[in-house]
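Structural features, examined
One-letter residues, chain by chain:
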Amino acid sequence: MDVNLFDFDLPEELIAQTPLLDREASRLMVLHKDSGNVEHKQFPDVLDYLQEGDCLVLNETKVMPARLFGVKEDTGAQIEVLLLQQEEQDVWETLVKPAKRVKEGTIILFGDGRLKAECVGSSDQGGRKLKFQYDGIFYEILDQLGEMPLPPYIKEKLEDKDRYQTVFAKEIGSAAAPTAGLHFTKELLAKVQEKGVKLAFITLHVGLGTFRPVSVESIEEHDMHSEYYYMSDETAKLLNETKSNGGRIITVGTTSTRTVETIATANNGKFEGSSGWTSIFIFPGYKFMGIDGMITNFHLPKSTLIMLISALAGREPVLSAYKEAVDQKYRFFSFGDAMLIL
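In short, a report on the structure. Since this is a predicted model, take the numbers as computed values, not measurements.

Size it by volume and the largest pocket reaches roughly 1,200 Å³. Surrounding the largest pocket, 42 residues form its lining, Leu-84, Glu-93, Leu-208, Gly-209 and Arg-212 being those nearest its centre. Counting residues per element, the ones that place at least two in the lining of the largest pocket are strand 6 (78–88), strand 7 (91–97), strand 11 (171–174) and strand 13 (227–231). At six residues, strand 6 tops the list of elements feeding residues into the lining of the largest pocket. In terms of residue class, the lining of the largest pocket is made up of 21 nonpolar, 12 polar and nine charged.

Bringing the pairing of strand 1 (residues 27–31) into the picture now. The element strand 1 is extensively covered by neighbouring structure, given that four of its five residues are classed as buried. Note that strand 1 and strand 2 (residues 38–42) share five bridges and pair antiparallel. Note on strand 2: the bridge partner recorded for Leu-28 is Lys-41. Joining the antiparallel neighbours strand 1 and strand 2 is a turn of six residues, in which Gly-36 adopts a positive phi near 80 degrees.

A cluster of acidic residues, Asp-2, Glu-217, Glu-220 and Glu-221, forms a negative patch at the surface. For Glu-220, the location among the structural elements is in the loop between strand 12 (198–204) and strand 13.

This part covers the packing of aromatic side chains. Applying the stated rule across the entire model yields 20 aromatic pairs. Ring plane angle 70 degrees and centroid distance 5.8 Å describe the contact between Tyr-228 and Trp-277, whose orientation is recorded as edge-to-face. Separated by 49 residues along the polypeptide, Tyr-228 in strand 13 and Trp-277 in strand 15 (residues 274–278) bring together distant segments of the chain. Classification of Tyr-228 as partly exposed rests on a relative accessible area of 28%. An aromatic cluster is defined as three or more aromatic residues linked by ring pairs; in this entry it consists of Phe-8, Tyr-153, Phe-298, Tyr-322, Tyr-330, Phe-332 and Phe-333. The ring centre of Tyr-330 lies 4.0 Å from the NZ or CZ of Arg-27, which sits over that ring.

Glancing now at the sheet that holds strand 8 (residues 107–110). Taking strand neighbours around the barrel as the criterion, the six strands line up as 5-6-7-10-9-8 in a closed arrangement whose pairing is antiparallel. Averaged over all neighbouring strand pairs, the angle between strand axes comes to 45 degrees, with direction disregarded. Here strand 7 pairs with strand 10 (residues 128–134) via four bridges, running antiparallel. Among the inter-strand pairings, Val-91 is bridged to a residue of strand 10, identified as Lys-131.

The next subject is the environment of Ser-256. Within the secondary structure, Ser-256 sits in helix 4 (residues 254–266). Sequence separation between Ser-256 and Leu-300 is 44 residues; the distance between their C-alpha atoms is 18 Å. In this view, Ser-256 contacts Val-57, Leu-58, Asn-59, Ile-202 and Thr-251; residues no more than four positions away in its chain are not counted.

What follows concerns the packing of helix 5 (residues 304–313) against helix 6 (residues 315–327). A packed helix pair is summarised by two numbers, namely the angle formed by the two axes and the spacing between the axes. Between helix 5 and helix 6, the shortest axis-to-axis distance is 7 Å and the interhelical angle comes to 120 degrees. One finds that helix 5 runs oblique with respect to helix 6. Note on element contacts: helix 6 touches helix 5 through Arg-315, Pro-317, Val-318, Leu-319 and Tyr-322, opposite Ile-306, Ile-309, Ser-310 and Ala-313. Of the residues belonging to the contact of helix 5 with helix 6, the class tally is seven nonpolar, one polar and one charged.

In this section: empty space enclosed by the protein. In this structure the tally under the stated criterion is two cavities of 30 Å³ or more. Of the volumes computed, that of the largest cavity is approximately 90 Å³. Forming the boundary of the largest cavity are Pro-19, Leu-20, Asp-22, Arg-23, Ser-26, Arg-163, Leu-182, His-183, Ser-334, Phe-335 and Gly-336. When grouped by side-chain class, the residues that make up the lining of the largest cavity number four nonpolar, four polar and three charged.

According to the stated counting rule, one finds 11 salt bridges in the structure shown. Put simply, Glu-241 and Lys-237 hold a salt bridge, and the shortest N to O gap is 2.8 Å. A residue pair is termed a helical-turn pair when its members lie 3 or 4 positions apart in one helix, as Glu-241 and Lys-237 do in helix 3 (residues 233–244) at four residues. By relative accessible area, which is 33% here, Glu-241 ends up partly exposed. By sharing partners, the salt bridges in this structure join Arg-67, Glu-80 and Lys-97 into a single network.

Our next topic: the sheet that holds strand 17 (residues 338–341). Reading across from one edge, 2-1-17-16-14-3-12-13-15 is the order of the nine strands in this open sheet, with mixed pairing throughout. In this open sheet, the two edge strands, each paired with only one partner strand, are strand 2 and strand 15. When strand polarity is set aside, the average angle formed by the axes of neighbouring strands in this sheet is 25 degrees. Pairing analysis gives five bridges linking strand 13 to strand 15, with the strands arranged antiparallel. Paired with Tyr-229 across the two strands is Gly-276, which belongs to strand 15.

Cut-off values and rules
- Residues numbered from 1 in each chain as written.
- Predicted model: local features only at pLDDT ≥ 70, side-chain atom pairs only at ≥ 80, totals over all residues.
- Heavy atoms only, no water.
- 1 Å grid on protein atoms, 1.4 Å probe; cavity = no way out; pocket = protein on both sides within 12 Å on 5 of 7 lines; lining within 4 Å.
- Points joined across faces, edges and corners; volume = space filled by probe spheres on them.
- Helix = DSSP H or I, 4+ residues; strand = E, 2+ residues; numbered from the N terminus.
- Nonpolar A, V, L, I, M, F, W, Y, C, P; charged D, E, K, R; others polar.
- Buried < 20%, exposed > 50% of the residue type's maximum accessible area, 1.4 Å probe, protein only.
- Pairing = 2+ DSSP bridges.
- Patch = residues over 30% accessible without salt bridge, like charges linked within 9 Å, V, L, I, M, F, W, Y side chains within 5 Å.
- Areas by Shrake-Rupley, 256 points an atom, 1.4 Å probe, with all protein chains shown as cover.
- Salt bridge = Lys/Arg side-chain N within 4 Å of Asp/Glu carboxyl O.
- Lys, Arg positive; Asp, Glu negative; His and termini not counted.
- Charge placed at Lys NZ, Arg CZ, Asp CG, Glu CD.
- Phe/Tyr/Trp six-rings, centres within 6.5 Å; stacked < 30°, edge-to-face > 60°.
- Lys NZ or Arg CZ within 6 Å of the ring centre and 35° of its normal.
- Axes fitted to C-alpha atoms, helices over the stretch in contact; angles between N-to-C directions.
- Contact = heavy atoms within 4.5 Å.
- Parallel < 35°, antiparallel > 145°, perpendicular 65-115°, else oblique.

Spelled out as structure tokens, the structure:
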């Protein structure tokens, strides 16, 4: 399948650069996957489409302030480091800029030496393995010295770190936010539960591979990135009960979708508590075994994410809905508006 089938025209001014002050203030496009019909709503109207007995699946991963700015110990040259994932105690896979200045044995200092890193090897696509040295608790130091790793299409500085976290973020480890969840407030989630809708929590630590463009012409040849996931026995039980009672499983975001589908496909449509690494790639032709609908943001042209929602709702209905979103000047990408697919 040609990657260009998932292209569309997007004016740059529709790429949201900053989050709205009120999380619930985003617009909501409702796409009915059977008919292709579209409705234009506000995000709190999502309540009207959720039914008693449904289960809403939320990714409780927490974004690390994973962007660090330091200097080489020997020359003072400035180095930018982006933490991707922890490989072992104090050793991290990272991206560094400029990479050519960081060779094995290079020492980088952050925060006047409060945090120190030694390059102990290289990884794929120009990455570097860094071993960190520090006194105290690593994540506390990171919180003081690091910045949020915003996607490359966001040029504005984020004034409030918490606006790139969901209100239910709990398990630290992501290099990017599960952005569909940014629209929820604690008050709105309470109203969801008041309707008799259950909340189920999973973890998938989002890697920067989520922003990596598909660089091959045929999407079947794309090498999908791998991300760590976890589903508790409690969540698995809740999802199985929802299915057996005739309720719908509605995921919040592509990350929740990939986790639910990874586990459902491994267990013939059932759920079991489990953890591991998933590189599931969902594109048209995929048979969904776990979810019935999803809440998501508006995605990049030719991205794996627009391919995923096209698998759920059909490529032509999705592209038609996206054209309408452009015409109606919806806000796109991480800080943008939302879509509900049912």
